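# Coordinates in review
These are the residues of each chain, in order.
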Amino acid sequence: MNMHLSEDSYKCNECDYTCNTLKTYEKHIKIHSNDKQYKCHACTYSCNLWSNFTRHMRRHTGEKPYKCNVCDYKCSDSSNLKTHMRKHTGEKPYKCNICEYSFANSSSLKYHIKIHTGEKPYKCNECNYTCAILSMLKSHMKTHTGEKPYECNLCDYACAHSSSLESHMMKHEGVNDIIYKCEQCDYICPSLNKLKSHMRKHLKCKQYNCNICNNTFSDSSSLKTHMRVHSGEKPYKCNVCTYSCTRKDNLVRHTRIHTGEKPYKCNVCDFAFADQSSLITHKRRHTGEKPYKCNFCNYTGTTSSLLKSHMRRHTGEKPYKCNVCLYTSAESSNLVKHMRTHTCEN
């Protein structure tokens, strides 16, 4: 039985679905029926709609009839192709009604809204972990089970997450180009999941507050790392020297000072670097790219730090202070030179 909202509107009694034709409504209510006439012979899947059944069967056959006319992307579902095409067009029709963010698909918007509401409906039954989306809970559960379903076909490496395997495979392939880059800062990473996690830092809604200072964060892990600034805790220690730090990635980068490892190689010249950010900055020497622009004059720079330093010419800020006299400077290098006047260095 349908609920008539008006002469041309139908609402499902089982969910929030509404439509404007009776035929579409009758097709929809089959989803809720327990009588599922289409049954997969390869697995336990069953459904009421032939279109859903056909789409499901492509998982077994591997058929991908929908092709992108811009790149090599192929998929088994027309809706996935429609979403994919937005990567090329830049279209983001799903808009947040709380902040200015917009998204290419409804699922991303739904997840984003939970950042505003703080809703975390998915709970781990082994520990106190809660999260906003089911895939994050499934990923978390692997920390309890020790499951490592993603295996490298070139060595014995196995891991719990596809993004970790993706990053690992780059070592075999010798890929040094940046895969995913944040459009709002210098952050770069080898996986889409890591980029999505990073992008939360740019959200205007930051619900995790430090109870010591005024800093706010978009996720609990960033707050936890930040609290080490106040506590002085540095759990990551170098086993060669006395260096210790608050973040694991900083320790990895530091360790390369001892090993001399420089895995990030320029594909134009012979330069190699210990971290990706140095490589991306170096490459701008070849391309001439200067993405950081001053909004007061025509200055452009290759890094955000250079722009920040330049901006002090406009603001008059001089953060580097001599601890012997009243000298202050806008540049740390000038302070170093000044200090030599006190130590009589030439």
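In this text the structure is predicted, and so the values were computed from the model without any measurement. (Residues numbered from 1 in each chain as written. Predicted model: local features only at pLDDT ≥ 70, side-chain atom pairs only at ≥ 80, totals over all residues. Heavy atoms only, no water.)

What the second largest pocket holds in volume is close to 150 Å³. Contributing to the lining of the second largest pocket are S79, N80, T83, R86, Y94, N105, S106 and S107. Mapped by element, the contributors of at least two residues to the lining of the second largest pocket are α3 (78–89) and α4 (106–117). Here the element with the most residues in the lining of the second largest pocket is α3; it accounts for four residues. When the residues that make up the lining of the second largest pocket are grouped by side-chain class, the tally is one nonpolar, six polar and one charged. (1 Å grid on protein atoms, 1.4 Å probe; cavity = no way out; pocket = protein on both sides within 12 Å on 5 of 7 lines; lining within 4 Å. Points joined across faces, edges and corners; volume = space filled by probe spheres on them. Helix = DSSP H or I, 4+ residues; strand = E, 2+ residues; numbered from the N terminus. Nonpolar A, V, L, I, M, F, W, Y, C, P; charged D, E, K, R; others polar.)

Opposite charge on two side chains makes pairing possible when the charged atoms of those side chains draw close. Here the structure, examined in full by the defined rule, presents seven salt bridges. With a closest N to O distance of 3.9 Å, E63 and R58 form a salt bridge. (Salt bridge = Lys/Arg side-chain N within 4 Å of Asp/Glu carboxyl O.)

One can find R228 in helix α8 (residues 220–231). Taking relative accessible area as the criterion, R228 reaches 12% and is therefore assigned buried. Within polar-contact distance, the side chain of R228 engages the backbone oxygen of T246 at 2.5 Å. (Buried < 20%, exposed > 50% of the residue type's maximum accessible area, 1.4 Å probe, protein only. Polar contact = N/O pair within 3.5 Å; in protein donor to acceptor, adjacent residues only side chain to side chain.)

Our focus in this paragraph is helix α5 (residues 134–145). Helix length check: α5, at twelve residues, gives a terminal C-alpha distance of 17 Å against a target of 16 Å (1.5 Å per residue), a fit within 8%. Of all the positions in α5, only L137, H140 and K142 are classed as buried. Residues of α5 that are buried in the fold lie against β10 (122–123), β11 (130–131) and β12 (150–151). Residue G146 follows α5 closely and has a positive phi angle near 75°. (Expected span 1.5 Å × (residues − 1). Contact = heavy atoms within 4.5 Å.)

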